[in-house]
Amino acid sequence: MNRSAPSPAFGLVGRSPEIGAVRRLIEKASRNRLPVLLLGESGTGKEVVARAIYQANPGGQFVPIDCGSLVGTLVESDLFGHAKGAFSGAVENKKGLVEVAAGGTAFFDEIGDLPLEMQVKLLRLLQEREFRAVGALQWRKIDLRIIAATHRTLRGEIAAGRFREDLFYRLNVFIIHLPPLRDRKDDIPLLVEHFLDGSGFSPSPEILATLQSYDWPGNVRELKHCLDRMAALQSEGVIQSADMPSALQCHLAASSLRQLSTAIAADGSGYAAGPAAELPQISLAPKSPVISLPESERQAISSALAATNGDRTRAARLLSIGRTTLYRKMKEYGFD
């Protein structure tokens, strides 16, 4: 990849309109201390955005709080601290995460997982700007910014009785929706370049096309893990399809089969349509109710070879894959 990507503004890589809108909202949110609610699927970069808001106008500490990990009897102590002697084992006063964030920013990640009894106390923190440690008698005033994030639909959680409606409205002041990666696929080449920067590795054009065609249910986090894995597995400087995780290999096989299907006339004549209209008559095997992806891939290759009278160059073009990939797949599936 020869393109030189600029330094990502606010830590967000991409030039798409969707990511540009997020950058503008980050800049606006950083101008005040209002609560911010970040909404988006897992892996879309909610903590990156939270840190960007903090860093655009820093003050105090940035304290991440994983609400999904706050379980058991010490949740309140973890959040608000405790006084000496508050319970067995409380041999000294202890600051909670909220107090650590005083003057700074507390980031409540996955706020939808916060236990209901703690939601009441967070509501008071938002409304009155005060908290009370476990075992303490006095309420303490505190100044901090609260940023919350969730992949859940909070209105649905409210309807199910798992999230307080009054807390939702206190948080629902400044909302930033983070787009899933499938809605900004034009950013994928820049993300790939960013994540592989300095690694000495680069994807082949075929692999880059596959990365851009995949929907990435795990979003940017899944893309990064995928690239880390491929870079670790390969050893020749160019990432190949064999280095891809199984989900992407299955996606590539299914895509090849779909491309072949669209190239073959749907009217049952057995002739190729469009760019492949000159190809000879072929016969496709009857469809099985259940067929594995490797078998689908094998059938796609067999059909393409039959349609081109064994011309591997034309078969690879018909399948929209490289000749090297076709040769490797032919060897893998036992073709002569």
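Look up a bit, the structure's there.
Per chain, the residues get numbers from 1 upward, laid out in the order the sequence is written. Totals for whole chains, interfaces and linings use all residues, but because this is a predicted model, local features are given only for residues with pLDDT of at least 70 and pairs of side-chain atoms are given and counted only at 80 or more. The basis for every side-chain value is the complete set of heavy atoms in the structure, and neither hydrogens nor water enter the calculation.

**Student:** Let's hear about the nonpolar core: which residues, and what values?
**Tutor:** Remark: nonpolar core denotes a set of buried residues (Ala, Val, Leu, Ile, Met, Phe, Trp, Tyr, Cys) joined through side-chain atoms within 4.5 Å. Only protein chains enter the calculation, and the probe is 1.4 Å; a residue is then buried if its accessible area is under 20% of its type maximum, exposed if over 50%, and partly exposed in between. Of all hydrophobic cores here, the largest spans 31 residues; its most connected members are Leu79, Phe108, Ile111, Leu122 and Leu125. Runs of E in the DSSP output that reach at least two residues are strands. Runs of H or I that reach at least four are helices, and both are numbered from the N terminus. Looking at this core, the elements with two or more residues in it are β1 (36-39), β2 (62-66), α3 (75-80), β3 (105-109), α5 (116-128), β6 (145-150), α6 (154-159) and α7 (165-171). No other element matches the five residues that α5 contributes to this core. Apart from residues lying up to four places away in sequence, isoleucine 111 is in contact with Cys67, Leu122, Ala148, Ala149, Thr150, Phe163 and Leu171. Residues Leu191, Val192, Leu208 and Cys226 belong to the second largest nonpolar core, which totals 21 residues. In this analysis, two residues are considered to be in contact whenever any of their non-hydrogen atoms come within 4.5 Å of each other.

**Student:** Just give me the short version of the packing of helix α8 (residues 188-196) against helix α9 (residues 205-213), but keep the residues and values in it.
**Tutor:** Between α8 and α9, whose axes approach to 10 Å, the crossing angle comes to 120°. The angle between the axes of α8 and α9 places the two elements in the oblique class. Considering how the two elements wind past one another, α8 and α9 form a crossing that is right-handed. On α9, the residues that touch Ile188, Pro189 and Val192 of α8 are Leu208, Leu211 and Gln212. Tallied by class, residues from the contact of α8 with α9 come to five nonpolar, one polar and no charged. Helix axes are fitted only over the stretch in contact, all axes being lines through C-alpha atoms; the angle between N-to-C directions runs from 0 to 180 degrees. Throughout, the term roughly parallel applies to angles under 35 degrees, roughly antiparallel to angles over 145, roughly perpendicular to angles from 65 to 115, and oblique to all others. Crossing handedness is read from the near helix: turned anticlockwise from the far helix by less than a right angle, it gives a left-handed crossing, and turned clockwise, a right-handed one. The classification used treats Ala, Val, Leu, Ile, Met, Phe, Trp, Tyr, Cys and Pro as nonpolar, Asp, Glu, Lys and Arg as charged, and all other residues, Gly among them, as polar.

**Student:** Before we move on, could you go through the pattern of salt bridges and cite the residues and values that matter?
**Tutor:** Whenever a carboxyl oxygen of Asp or Glu lies within 4 Å of a side-chain nitrogen of Lys or Arg, that contact is scored as a salt bridge. Counted according to the given criterion, the structure contains 16 salt bridges. Ionic pairing is found between lysine 94 and aspartate 78, a salt bridge with its closest N-O pair at 3.4 Å. One end of the pair, lysine 94, is in the loop between α3 and α4 (97-100); the other, aspartate 78, is in helix α3, with 16 residues separating them in the sequence. The partner of arginine 152 in a salt bridge is aspartate 113, with the nearest N and O atoms 2.7 Å apart. Highlighted residues: arginine 152 in the loop between β6 and α6 and aspartate 113 in the loop between β3 and α5, separated in sequence by 39 residues. Among the residues examined, arginine 152 registers a relative accessible area of 32% and is labelled partly exposed.

**Student:** Describe the layout of surface pockets, and please don't skip the residues or the numbers.
**Tutor:** Both cavities and pockets are sets of points on a 1 Å grid over the protein atoms alone; in a cavity a 1.4 Å probe fits but cannot get out, in a pocket the set is open with protein on both sides within 12 Å along at least five of seven lines, and lining residues sit with an atom within 4 Å of a point. Grid points are joined across faces, edges and corners, and a volume is the space filled by probe spheres set on the points. The volume enclosed by the second largest pocket comes to roughly 470 Å³. What lines the second largest pocket is a set of 21 residues, and nearest its centre among them are Gly43, Thr44, Gly45, Val48 and Val220. Looking at the lining of the second largest pocket, the elements that each hand over two or more residues are α2 (46-56), α8 and α10 (219-233). Element by element, the count of residues in the lining of the second largest pocket is highest for α10, at four residues. For the lining of the second largest pocket, the residue count by class is seven nonpolar, seven polar and seven charged.

**Student:** Tell me about empty space enclosed by the protein, and name the residues and values.
**Tutor:** Scanning the model with the defined rule gives two cavities of 30 Å³ or more in all. Its volume calculated, the second largest cavity comes out at about 30 Å³. Looking at the second largest cavity, the residues that line it are Ser241, Met244, Gln249, Leu252, Ala253, Glu297, Arg328 and Lys329. Going through the elements one at a time, α11 (246-263) and α14 (323-332) are the ones with two or more residues in the lining of the second largest cavity. If one sorts the elements of the lining of the second largest cavity by residue count, α11 sits on top with three residues. Across the lining of the second largest cavity, the residue classes tally to three nonpolar, two polar and three charged.

**Student:** Would you mind going over the packing of aromatic side chains in detail, with residue names and values included?
**Tutor:** The pairing test for Phe, Tyr and Trp rings, Trp by its six-membered ring, is centres within 6.5 Å, and the orientation test on the planes gives stacked under 30 degrees, edge-to-face over 60, and tilted for anything in between. The tally for this structure, following the rule as stated, stands at five aromatic pairs. Taking 6.0 Å as the distance between ring centres and 25° as the angle between the ring planes, the aromatic pair formed by phenylalanine 62 and phenylalanine 107 counts as stacked. With a gap of 45 residues between them, phenylalanine 62 in strand β2 and phenylalanine 107 in strand β3 connect regions that are remote in the sequence. With a centroid separation of 6.3 Å and an interplanar angle of 20°, the aromatic rings of phenylalanine 80 and phenylalanine 131 are classed as stacked. Taken together, the residues span a long stretch of sequence, with phenylalanine 80 in helix α3 and phenylalanine 131 in strand β4 (residues 130-131) at a distance of 51 residues. Residues phenylalanine 80 and phenylalanine 131 agree in their burial class; the two are buried. Among the aromatic residues, ring-to-ring pairing joins Tyr54, Phe62 and Phe107 into one connected group.

**Student:** Outline the side chain of histidine 82, supporting the account with residue identities and numerical values.
**Tutor:** Inspection of the secondary structure puts histidine 82 in the loop between α3 and α4. Two N or O atoms form a polar contact when they lie within 3.5 Å of each other; inside protein one atom must be a possible hydrogen donor and the other a possible acceptor, and for residues adjacent in sequence the pair counts only when both atoms belong to side chains. Among the polar contacts listed, one links the side chain of histidine 82 to the side chain of serine 77, at a separation of 2.7 Å. Ignoring sequence-local partners within four residues, the contact set of histidine 82 consists of Ser77, Phe87, Ala90, Glu92, Asn93, Lys94, Ala133 and Val134.

**Student:** Kindly report on the sheet that holds β6, identifying the contributing residues and their values.
**Tutor:** Should DSSP find at least two bridges between two strands, the strands are regarded as paired. The sheet built from five strands is open, its strands ordered β2-β3-β6-β1-β7 with parallel pairing. One side of each edge strand has no neighbouring strand; the edge strands of this open sheet are β2 and β7 (174-177). Going across the sheet, the axis of each strand differs from the next one's by a mean of 20°, ignoring polarity. Two elements, β3 and β6, share four bridges in a ladder whose sense is parallel. From the neighbouring strand, phenylalanine 108 faces β6, where its bridge partner is alanine 148.

Don't take any of this as a statement about function, it's just geometry.
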